[in-house]
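Examining the three-dimensional arrangement
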Protein chains: 2
Amino acid sequence: MKPSIPKGMRDFSATEVAKRSYIFDTIKSVFRLYGYQPIETPTMENLSSLMGKYGDEGDKLLFKVLNSGDFTQGVDFSEEQSVAHLATKLCEKGLRYDLTVPFARYVVQHHNELSFPFKRFQIQPVWRADRPQKGRYREFCQCDADVVGSSSLLYEAELVEMVDEVFKRLKINVRLKVNNRKVLSAIAGYIGHPDKMTDITVAIDKLDKIGFDGVKEELLSKGLQSGDVDKLYPVLTLSGSNSEKLQKLSEILSDNEEGQKGIEELNQILAYVGDSADIIDIDLSLARGLSYYTGAIFEVKAIDYSIGSISGGGRYDNLTGIFGMPGLSGVGISFGADRIYDVMTALDLFPSAITESTKVLFANFGYKESIAALSLSRQMRKAGIASEVYPSSDKLKKQFEWAEKKGIRYLVFVGENEINEQAVTVKNIVSGQQAKVSFSELVNFIEGNNL
Amino acid sequence: MKPSIPKGMRDFSATEVAKRSYIFDTIKSVFRLYGYQPIETPTMENLSSLMGKYGDEGDKLLFKVLNSGDFTQGVDFSEEQSVAHLATKLCEKGLRYDLTVPFARYVVQHHNELSFPFKRFQIQPVWRADRPQKGRYREFCQCDADVVGSSSLLYEAELVEMVDEVFKRLKINVRLKVNNRKVLSAIAGYIGHPDKMTDITVAIDKLDKIGFDGVKEELLSKGLQSGDVDKLYPVLTLSGSNSEKLQKLSEILSDNEEGQKGIEELNQILAYVGDSADIIDIDLSLARGLSYYTGAIFEVKAIDYSIGSISGGGRYDNLTGIFGMPGLSGVGISFGADRIYDVMTALDLFPSAITESTKVLFANFGYKESIAALSLSRQMRKAGIASEVYPSSDKLKKQFEWAEKKGIRYLVFVGENEINEQAVTVKNIVSGQQAKVSFSELVNFIEGNNL
């Protein structure tokens, strides 16, 4: 019986870890450059901190941890009305479902230790009992940067620049779609249905996929009048540059105060971001889980590879209200590491150097020779060169194959002759080229990649 | 109601994350230098992979994850005989309890993709439902390096050198205690009780704490004769250098083949490790969960701070046997990050630079000035200097205090005058010193720490 892991979970090989680390490290270094600092929260939160925060569907998708000890104590199984309720009796803890709710909890719990605006980033796994499918896992990493405690649009601009910088470093060409919840609200008012804002935004969010006819059909089914829905068409098909779009929109929504505020915010962000404005598309159909956001809404798409959004975020005016601390505005961005990984794999964007492991393997010719090899290997490492001595005096062919499989670049022979001559034979495993190098020159030779 | 986290779990602040990362990064860089490659396994394993691997006590300490959906299906609560059995009905998954069992599972599951000897490191959290107490958490990080598929003592030597290098880099003075399970077995035979090996090793493992009289008392209570126990005394109090100790031990155990083998292994390791022999103490009382190890046993103690062992490991001849693949010998070392953190905190060993965040804050004097500040801030970042613009034109005192609290080194003023003169005022927040620097010189000035 071959051992296995739970469905939707993954083992990561050394190559995969190296590639994933490359993505995480790139994101982290950009976060740091903008003054965001790392925090970490525990894998398990009190279930009471998580329940009700992600909707009914979310509650079902939470992984719950069985209480330790006698978890049946005080539970009358025959009396329980529902499985969901029984679960809360058996489990006090749940696994982190996202990084936003734990962050809100952290800010409220530690607010006396923090200075606001508080800028944090967090790169940690989250767990969801979703049905696993291609590209969707039950354990996956989120990479979030948020700032809480300021409503300054400079932070929206900062996040836009960070998105630009991260994807420039990863060499992924992207478009950053930007919208504003206030504009969406105004649009709902403009077509005469301020009360149907959710239906309207849910529908227009699908514009890309189902076209305007599809959007119209959906809205008619929600009880909107055909004439009202048609008023959306010119709004959703605004053309021109971002400022041209905003100019036209401003005319359309001229007598809506909230809309004007939203447009002003969008203009402001464009003014703040400098050259990063080049990646921005003002997109009035963008909504992203609207109930959450109150100002800017962001979403990033890769240009050269078709996959869902690879990053997204926005402003939410009441992040910490759910934990009893109202009035703290926040804005954040989240990078989807798995999709970024898929894009980079498909477009062959990972630098080859990142998966390099050991650079030098010393072949093993027996006890005496291995002592000499160990000493040389130590010199390599002192110079920062990853180096190993093959563990036993197996046939050279076997040692060579092991090095080849591990992706090692140089095989170094230290046999009896070499010890007598105080000079090793270095072989480049890929090219097959060989060279004789004195013991004392070896570090320089390897450092210089002279073969 | 202030939100909280489950007992035994921790939030980590930015400073704590920075310090912990320093430890992890140091360990990782040494692991890599010796050719160990990172793998990662999922947080959840099938409970069947974990149960029975850590003894009865371990089974109880496993965190179990409630099945998703209707977890009551097929469970007859009135028929269940025990809480433990009910748990296995309600839960198919458990949280990783250590890194060794998942590693064994990984090796068996992926053995076709691996080339042996396979050297891996793994730095991931593990979870245990232990009673929380000072220094003991329910979620903590393990840092393991293991090699599987070779019985070469070169690997024991490699691990010793890695221990030496890690603690040299962290500036912690350590002693590395080394013993060998074969020697322990021979000692049990030498005093006439080969069958009581476990009792004997459990008792002598406490020699440090309870002294020889305590050890004797414990062994008498286990049914050993006083005369036999007394034969232990000269063995446990061997003095001199490591090779002198081994020489004397070799005479004492002269007619025990297994003992001679163990002594030979210890001598071999001493010969292989080079200068790292300086940190080794051969310690015949060292046992560490003996049932597990079959050859070398390691344990590291900090010299300048009293705390349990901060690293440990050894050789186990049948790591993957539990998953149906016998005959693969392994040897490994594990670093205890939390204790290392405590030692470094107590001895003030963390470099101050690691907790530095943003280096430059541009004060905000209003819209026009912030546009100029944003542009200068971008120049900083292009040069790799972490930089921010304060988000709003608050009173300068407030901006200054925010920078101070965040540990920012330079506050830069870009007001109307500065824009006209194309020169900023730079203030060192700690020293209070100020300087006037032209826009074009600012990057060089900050890079050079000229204030």
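A brief report on the enclosed structure follows.

**Concerning helix α16 (residues 396-405) of chain A**
- Those residues of α16(A) that fall on the buried side of the exposure criterion are Q399(A), W402(A) and A403(A). Within α16(A), the buried residues cover an arc of 95 degrees as seen down the axis, which keeps them to one side. Those residues of α16(A) that are exposed and angled more than 90 degrees off the buried face are K397(A) and K405(A).
- For α16(A), the elements touching its buried residues are β12 (360-362) and β13 (387-389) of chain A together with β5 (118-127) of chain B.
- Note on α16(A): the residue one or two positions beyond its end, G407(A), has a positive phi of about 75 degrees.

**Points about the pattern of salt bridges**
- A complete count under the given rule lists 50 salt bridges over all chains for this structure.
- Note that R105(A) is salt-bridged to E45(A), the shortest N-O span being 2.8 Å. Here the residue R105(A) occupies a position in helix α5 (residues 100-109), and E45(A) occupies one in strand β2 (residues 44-46), the gap between them amounting to 60 residues.
- The class for R105(A) is buried, based on a relative accessible area of 0%.
- Judged by its relative accessible area of 1%, E45(A) falls in the buried class.
- Across the salt bridge formed by D394(A) and K398(A), the nearest N and O atoms sit 3.5 Å from each other.
- By sharing partners, the salt bridges in this structure join K119(A), E158(A), E388(B) and K406(B) into a single network.

**Description of the relation of the copies chain B and chain A**
- Mapping chain B onto chain A calls for a rotation angle of 180 degrees and an axial translation of 0.0 Å; the resulting RMSD is 0.1 Å. Both chain copies can therefore be described as sitting about a two-fold axis. No C-alpha of chain B approaches the rotation axis more nearly than that of V65(B), which lies at 2.3 Å.
- Taken together, the interface assignments show that 100% of the residues at the interface of chain B recur at the interface of chain A, consistent with an identical surface on both copies.

**What about the interface of chain B and chain A?**
- Across the contact, 90 residues belong to chain B and 90 residues belong to chain A.
- Taken over both partners, the interface formed by chain B and chain A buries close to 7,600 Å², and the fraction arising from carbon and sulfur atoms is 60%.
- Counting the surface chain B buries against chain A, the share from its top three residues, P3(B), L33(B) and R381(B), is 8%.
- Viewed at the interface, chain A and chain B are joined by 6 salt bridges.
- Applying the counting criterion to the chain B and chain A interface returns 34 residue pairs in polar contact (both at pLDDT 80 or more).
- The leading source of residues in the side of chain B that touches chain A is helix α15 (residues 367-382) of chain B, at 6 residues.
- Its residues assigned to classes, the side of chain B that touches chain A shows 46 nonpolar, 24 polar and 20 charged.

**So, the pairing of strand β11 (residues 330-336) of chain B**
Residue and element names in this part refer to chain B.
- Where burial is concerned, most of β11 is hidden: 5 out of the 7 residues are buried.
- One ladder, built from 7 bridges, connects strand β6 (residues 139-148) with β11; its direction is antiparallel. Pairing of A145 across the sheet is with I333, part of β11.
- In terms of strand pairing, strand β10 (residues 311-316) meets β11 through 6 bridges, oriented antiparallel. Paired with S311 across the strands is F335, a residue of β11.

**Observations regarding the sheet that holds strand β16 (residues 434-438) of chain A**
All names here are of chain A.
- Within the open sheet, the 5 strands sit side by side as β13-β12-β14-β15-β16. Their pairing is mixed. Single-partner strands in this sheet number two, and they are β13 and β16. Going across the sheet, the axis of each strand differs from the next one's by a mean of 25 degrees, ignoring polarity.
- In terms of strand pairing, β12 meets strand β14 (residues 410-413) through 3 bridges, oriented parallel. When the sheet's bridge partners are listed, L361 is paired in β14 with L411.
- Contacts from α16 reach β12, β13, β14 and β15 (423-428), with the element oriented near 160 degrees to β12.

**So, the packing of helix α7 (residues 181-190) of chain A against helix α13 (residues 257-272) of chain A**
All names here are of chain A.
- Packing of α7 against α13 brings their axes to within 7 Å, and their N-to-C directions diverge by 150 degrees. α7 and α13 meet at a crossing whose hand is left-handed. Here K182, V183, S185 and A186 of α7 come into contact with α13, specifically with E258, G259, K261, G262, I263, E265 and L266.

**Brief notes about the packing of aromatic side chains**
- Summed over all chains, the structure comprises 25 aromatic pairs over all chains.
- Aromatic pair Y390(B) and W402(B): ring centres 5.6 Å apart, planes at 80 degrees, arrangement edge-to-face. Of the two residues, Y390(B) is situated in the loop between β13 (387-389) and α16 (396-405) and W402(B) in helix α16; the sequence distance between them amounts to 12 residues.
- By relative accessible area, which is 5% here, W402(B) ends up buried.
- Feature note: the residues F31(A), F121(A), F167(A) and F335(A) constitute an aromatic cluster, connected by ring pairs.
- Directly above the aromatic system of F103(A) lies the positively charged group of R120(A), at a separation of 3.9 Å from the ring centroid.
- One cation-aromatic arrangement involves R128(A) over Y97(A); the distance from NZ or CZ to the ring centre is 4.3 Å.

**Focus on the nonpolar core**
- Counting residues in each nonpolar core, the largest one holds 262 residues, and the members touching the most others are L90(A) and F167(A).
- Aside from chain neighbours lying at most four places away, what touches L90(A) is V65(A), L66(A), N67(A), F71(A), V75(A), F77(A), L66(B), F71(B) and L90(B).
- Ranked by size, the runner-up nonpolar core spans 16 residues in total, among them W127(A), F63(B), L95(B) and W127(B).

Each value, and the rule that gives it
Residues numbered from 1 in each chain as written. Chains lettered and ligands numbered in written order. Predicted model: local features only at pLDDT ≥ 70, side-chain atom pairs only at ≥ 80, totals over all residues. Heavy atoms only, no water. Buried < 20%, exposed > 50% of the residue type's maximum accessible area, 1.4 Å probe, protein only. Helix = DSSP H or I, 4+ residues; strand = E, 2+ residues; numbered from the N terminus. Arc of directions from axis to C-beta. Contact = heavy atoms within 4.5 Å. Salt bridge = Lys/Arg side-chain N within 4 Å of Asp/Glu carboxyl O. Least-squares fit on C-alpha atoms with pLDDT ≥ 70 in both. Buried area = accessible area lost by both parts, 1.4 Å probe. Polar contact = N/O pair within 3.5 Å; in protein donor to acceptor, adjacent residues only side chain to side chain. Nonpolar A, V, L, I, M, F, W, Y, C, P; charged D, E, K, R; others polar. Pairing = 2+ DSSP bridges. Axes fitted to C-alpha atoms, helices over the stretch in contact; angles between N-to-C directions. Left-handed = near helix turned anticlockwise from the far one by under 90°. Phe/Tyr/Trp six-rings, centres within 6.5 Å; stacked < 30°, edge-to-face > 60°. Lys NZ or Arg CZ within 6 Å of the ring centre and 35° of its normal. Core = buried A, V, L, I, M, F, W, Y, C linked by side-chain atoms within 4.5 Å.

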